Amino acid sequence: MQPEKKAVVTVLGLDRKGIIARVSGVLYENGINILDISQTVLSGYFNMAMIVDVSEATCGFDVLDDAFKALGAEMGLQIRIQRSEIFEAMHQV
Amino acid sequence: MISTNEINETLRMIDHEKLDVRTITMGISLLDCVSSDPEKLARNIYDRVTRKAGQLVRVGQEIDREFGVPIVNKRVSVTPIALVSGAVNDVLPTAYALDRAARETGVDFIGGYSALVQKGMTGADRRLIESLPQALSETEKLCASVNVASTRAGIDMDAVRLMGEAIVKTAERSGGIGCAKLVVFANAVEDNPFMAGAFHGPGEGDTAINVGVSGPGVVKSALEKVKGQPFDVVAETIKRTAFRVTRVGQLVAMEASRRLGVPFGIVDLSLAPTPAMGDSVAHILEEMGVEQCGGHGTTAALALLNDAVKKGGVMASSHVGGLSGAFIPVSEDIGMIEAAAAGALSLDKLEAMTCVCSVGLDMIAIPGDTPSSTIAAIIADEAAIGMINNKTTAVRIIPAPGKDVGDEVEFGGLLGRAPVMPVHRTSCERFIERGGRIPAPLNSLKN
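Residues numbered from 1 in each chain as written. Chains lettered and ligands numbered in written order. Predicted model: local features only at pLDDT ≥ 70, side-chain atom pairs only at ≥ 80, totals over all residues. Heavy atoms only, no water.

Draft legend 1. Region of the structure containing the interface of chain B and chain A. Every contact between the two is made by 25 residues of chain B and, on the other side, 26 residues of chain A. Carbon and sulfur atoms supply 61% of the area that chain B and chain A bury against each other, a total of about 2500 Å² over both sides. Seen at the junction of chain B and chain A, the total is five salt bridges. The shortest N-O distance in the salt bridge between Glu66 of chain B and Arg83 of chain A comes to 2.7 Å. (Contact = heavy atoms within 4.5 Å. Buried area = accessible area lost by both parts, 1.4 Å probe. Salt bridge = Lys/Arg side-chain N within 4 Å of Asp/Glu carboxyl O.)

Draft legend 2. Structural view of the side chain of Ser444 of chain B. Residue and element names in this part refer to chain B. Among the secondary structure elements, Ser444 is positioned in the segment after strand S15 (437–438). One polar contact links the side chain of Ser444 to the main-chain carbonyl oxygen of Pro441, over a distance of 2.7 Å. Residues within four places of Ser444 in sequence aside, it is in contact with Thr151 and Arg152. (Helix = DSSP H or I, 4+ residues; strand = E, 2+ residues; numbered from the N terminus. Polar contact = N/O pair within 3.5 Å; in protein donor to acceptor, adjacent residues only side chain to side chain.)

Draft legend 3. The sheet that holds strand S2 (residues 33–42) of chain A, seen in detail. All names here are of chain A. Taken together, the four strands give an open sheet; going across it, the order is S2-S3-S1-S4, and neighbouring strands pair in antiparallel fashion. Every other strand in the sheet has two partners, leaving S2 and strand S4 (77–83) as the edge strands with one partner each. On average, each strand axis in the sheet is tilted by 10 degrees relative to the strand beside it, whichever way the strands run. Pairing between strand S1 (residues 6–14) and S4: seven bridges, direction antiparallel. Residue pairing in the sheet places Gly13 in a bridge with Leu77 of S4. Running over the sheet, helix H1 (residues 19–29) touches S1, S2, strand S3 (45–53) and S4 and is turned about 25 degrees from S3. (Pairing = 2+ DSSP bridges. Axes fitted to C-alpha atoms, helices over the stretch in contact; angles between N-to-C directions.)

Draft legend 4. Examining unusual backbone geometry more closely. Residue and element names in this part refer to chain B. Note that the residue after Met195, namely Ala196, is joined by a cis bond; omega there is 10 degrees. With respect to the helices, strands and loops of the structure, Ala196 is situated in the loop between strand S6 (182–186) and strand S7 (207–213). You will see that Ser324, though not glycine, has its phi angle at about 35 degrees, which is positive. Following the sequence through the fold, Ser324 ends up in the loop between helix H11 (298–314) and strand S10 (325–326). Positive phi outside glycine occurs at Asn390, with the angle close to 55 degrees. Topologically, Asn390 is positioned in the loop between helix H14 (372–389) and strand S12 (393–400). For Asn390, a relative accessible area of 43% translates into the label partly exposed. (Buried < 20%, exposed > 50% of the residue type's maximum accessible area, 1.4 Å probe, protein only.)

What follows is the structure, given as structure tokens:
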């Protein structure tokens, strides 16, 4: 078992059916475990942040980034995956 | 655990406030490339740069993608070329070799076509200065700098005169653009990651990773939330923002250093504007209450900004260096461009601002018929400010061929566009003809 390596998946855009299913699908296919999900829908606008563990991912970051970009384009959403250190560096001392 | 608010705040800074890492700059020592054969020297330099920096662009792109923070430029800085070209009569082959190496590695700029002449010039220094017009007009990515003064050594007025002439000739040969890649320094620093003045100082190790952060938009946006509040609050707000921006720089620097196997050098705590809307240092000063940049109050606002950026950033990085502070390049800052075009911002006010900003007179277009002695005198004034105040100052000035006050010069990309600004028309010839050295000031005697 490798140590946990976290990333943050963020999804922004108009709410529609299947967002969580499709995003989780990409994560599942690539061996990534979801650790936490926070989601809000305000006036039809969907905003989700997922903390995921990429330590057992079966692909590189570039593959995930491409997969989420393609899914985002298909669903009219902005989907991103970023290493969690960037958020920790900015907000935690 | 990171909160949703924190995640959203970071994304907003990147998406809407143009938070980015301006540059990862790899410093490379060329001291072991020395040869008395000009072709061999050029080949050694090309081989060394391409070998050391071969992976720099790829690693920069990887970090950009994984962390989701744009890394705008990947650059290389090298040992001042005058230090390694002492045994050859023709220094130009090294300029072409550096430019070729930059293209081969895919970096945006390569800096270090430089000479350190604050106290005197060697033959190699003189040859390098004389080669600047040709080197800068026949290369694309090469950046040059010459240090003509320091607090310890005073001002080398012979070098100042030569640099005035070199700037005029470079403008004539390159249509002006070559001057955007040439900086004349006082108190130049050895680990600056920013162009055009980056070089890898002789006191540095074999290689180093230096990172320059950016983020004027983030500071402006933070200040919009404290409208009308006292300056104590303004300073605290800038400090807090600078801390966050610098933490990103530190993270990227450590990651780049680890992946490239190159020691981490410094993070340069700078606010570097771009010509894009929402990425302006001038607009931060205007947010503080100055109606337009250049008006009364501008220098005080800039002093507060420059100081607060350093105070906030210094805690966020293990090694701070470079130029660290707020840059005020006219052509690269939409607020400065507007202020200069409106006549609100003059060269004299910019000179005053350089007493309290991170560097000096930067990316300023002046009439194409400005005499070299006037440019030399502008350099001398700026060098004097640096020398007396124990800070880095610089002049990157562009005589725009065939253009006069009221015209505009377009440089494109990050270099932006500049309205041609008026210079004083009184003669500086007798002043510059004297030559010699202006002695180091009393405050240099610190031992």
